[in-house]
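Understanding the architecture of this molecule
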Amino acid sequence: MTLISPMVDKDKTAERVRARIESGGRDPKDIGFRWLMLATLLFSLLVLAVLVVDVVGDSWSVLSSRLGDFLANPLRSRSDEAGVFTGLRGTFWIGIFVICLSFPIGIGAAIYLEEYATDSWFTRLVDVNIRNLAGVPSVVYGILGFTIFVGLLDGPFGEDGAFGKTTVAGGLTLAVLSLPVVIITSAEAIRAVPQSLREAGYGVGATKWEVVRNHVLPYAAPGILTGTLLSLARALGEAAPLILVGAIRGRLGSNAGFFELGQLREQFTAMPILITEYATKPGDDWVPVTAAAIVILLLVVLGFNAVAVLLRNRFEAKREGK
Amino acid sequence: MTEVRALNVDDTLSDDIVVDDNRVVMDVEDVSVYYGDFRAVRDVHMPVREHEITAMIGPSGCGKSTMLRSLNRMNDLIEGARVEGRITYQGIDLYGPKVDPVEVRRRIGMVFQKPNPFPKSIEENITFGPRIAGVPKSEFPELVERSLRSAAIWDEVKDRLKDSALGLSGGQQQRLCIARAIATTPDVLLMDEPCSALDPIATGRIEDLMQQLKDDYTIVIVTHNMQQAARVSDRCAFFTTEIDATNDRRTGQLVEYDRTDKIFSNPADERTENYVTGRFG
């Protein structure tokens, strides 16, 4: 008060200043913007909530009465016997392919691009191309998978009369599909590592590999993890490329166990394919079956994301010294 | 524009009667550093003597940090950085074809402007350098204590060696970084404005520490703070900027290099005098 009181004598400035300061922060534009942003958030949540409630509601009759059967049975043509076993098995193995191939290769490529490659027209070309590849429609990857992987497994690398449309072909195709996203997100995470951390490593006589291994990767781990697991989730939800690679929409020839390696060379199906199949069957009795399959796929993807979040939190806590 | 005085060992010594001259451990002869086509600093002559603190002072952009980072090939990390002239350590040309920059940085340690401990435990911060250099694990406990004691931080952290280094205060972090640099048993310690992110008390502790370290190490420090240079250093190099006539960009240059008392009491160059008396920069 004492500070502004002399100004009162000059003119009404102090009054006006005080009125503005004490206005309680009620700029209408500011408030409007805040509500608008909140509305967008609520809209996204609402859409998700409706989807989940709808699907879970539809699926309840199946999930509550015969969950065990549903998980253990393969694709069947009778709605009260149909299950998701073959789909889950295929999706599991495809996930293994993505994790084992696209994660290490993608992270490795990102390390090279960020830490080793010098800025030249070539690296810029590579960078642009990877970004474009990430935007290529998944069907195109399906065509690629069909011509290359199925073709190779059918022909040169398969035995006589070997069958190319296998889990291996599907897994390889989706691994390639998720590769660009893995590279991009890993590269972003590596780029975000502060230069001072690298300097600290080099300053005590570390080689490039030692700096990358001991300091850059641990620091970038949360970001890399988030990106890679999101790309895995996306790959597991893809149907289009698998259709092209020959995923089966009917009964599979063999009935191998969940973890049996032999099935990798046999025909396969996956959750999205199975869902499509159930969804296109005529008759109301298939609605709960379809919904139940969707819920199972959602749970698998959510499970992966939960693991991602947990691991990320652990890495982040470590990075911040907690 | 006045011609830069080309200084070498003999020049600096001819004016004064010097009785206790230490051996030259690093020598900078006729060095210019470029970033791509841009010449950041030119024609530096600066012998660094054993068990002395050599300070580099001057206004922003005069190339002192660039010069410092060239002394242990830290500039290799910056794309396009290039050194012309000769920088030697124990008589070895650091930019010679067979030189391994990793080994150079082990012998010539560095402390940075902003404390940059690894986001790991205090202990791991110390042991990382020795570990990659192949020091056996059994020596770690003693090495950790010795390094932390040398950096005058042992008493503050001895009970929490397993705690994260990020929990330390800024001044403690910087002393930890000094301990980390010492742990690889270097000859020379380069310090790039090590106190600029610290409060006066923490700064005082680092300055005291530097005086202790002088007995075992040779220190080269870049500082913005003239008082600091006057307080801690034995020799002082004054850099300034000039417009490069060839490309109209600012290039750093060494104006004067001499004993610190001479630089601050009786500098040979008018520009030095203007700077140290506060009339410029």
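Here is what the cut-offs are and how they apply
- Residues numbered from 1 in each chain as written.
- Chains lettered and ligands numbered in written order.
- Predicted model: local features only at pLDDT ≥ 70, side-chain atom pairs only at ≥ 80, totals over all residues.
- Heavy atoms only, no water.
- Contact = heavy atoms within 4.5 Å.
- Buried area = accessible area lost by both parts, 1.4 Å probe.
- Salt bridge = Lys/Arg side-chain N within 4 Å of Asp/Glu carboxyl O.
- Polar contact = N/O pair within 3.5 Å; in protein donor to acceptor, adjacent residues only side chain to side chain.
- Helix = DSSP H or I, 4+ residues; strand = E, 2+ residues; numbered from the N terminus.
- Nonpolar A, V, L, I, M, F, W, Y, C, P; charged D, E, K, R; others polar.
- Axes fitted to C-alpha atoms, helices over the stretch in contact; angles between N-to-C directions.
- Parallel < 35°, antiparallel > 145°, perpendicular 65-115°, else oblique.
- Left-handed = near helix turned anticlockwise from the far one by under 90°.
- Phe/Tyr/Trp six-rings, centres within 6.5 Å; stacked < 30°, edge-to-face > 60°.
- Buried < 20%, exposed > 50% of the residue type's maximum accessible area, 1.4 Å probe, protein only.
- Lys NZ or Arg CZ within 6 Å of the ring centre and 35° of its normal.

Once that is clear, we can look at the interface of chain B and chain A. Each partner contributes residues to the interface: chain B has 23 residues there, and chain A has 22 residues. Taken over both partners, the interface formed by chain B and chain A buries close to 1900 Å², and the fraction arising from carbon and sulfur atoms is 62%. Connecting chain B to chain A are one salt bridge. For A:Glu199, the salt bridge goes to B:Arg69, with nearest N and O atoms at 2.5 Å. The tally of links between chain B and chain A comes to five residue pairs in polar contact (both at pLDDT 80 or more). Those elements giving two or more residues to the side of chain B that touches chain A turn out to be helix H3 (101-107), strand S7 (108-111) and helix H4 (122-132) of chain B. The class makeup of the residues in the side of chain B that touches chain A is eleven nonpolar, five polar and seven charged.

All names here are of chain A. Look at helix H5 (residues 121-134) against helix H7 (residues 167-191): their axes get within 8 Å of each other, and the N-to-C directions meet at 125°. As summarised for this structure, H5 and H7 are arranged oblique, according to the angle between their axes. For the pair H5 and H7, the sense of crossing is left-handed. Within the contact between the two elements, H5 uses Ile130, Arg131, Leu133 and Ala134 and H7 uses Pro180, Val181, Ile183, Ile184, Glu188 and Arg191. Within the contact of H5 with H7, the residues separate by chemical class into seven nonpolar, no polar and three charged.

In this section: the packing of aromatic side chains. Scanning the entire structure with this criterion turns up six aromatic pairs over all chains. Ring centres of B:Phe238 and B:Tyr275 lie 4.8 Å apart, and the angle between their planes is 35°; on these two criteria the pair is classed as tilted. Highlighted residues: B:Phe238 in strand S10 (residues 235-243) and B:Tyr275 in helix H11 (residues 270-276), separated in sequence by 37 residues. Pair check on accessibility: B:Phe238 and B:Tyr275 agree, each one buried. Just above the ring of A:Trp286 sits the side chain of A:Lys281; from NZ or CZ to the centre is 5.2 Å. Between the NZ or CZ atom of B:Arg180 and the centre of the ring of B:Phe118, over which it lies, the distance is 4.5 Å.

By themselves, these observations are geometric and do not establish any function.
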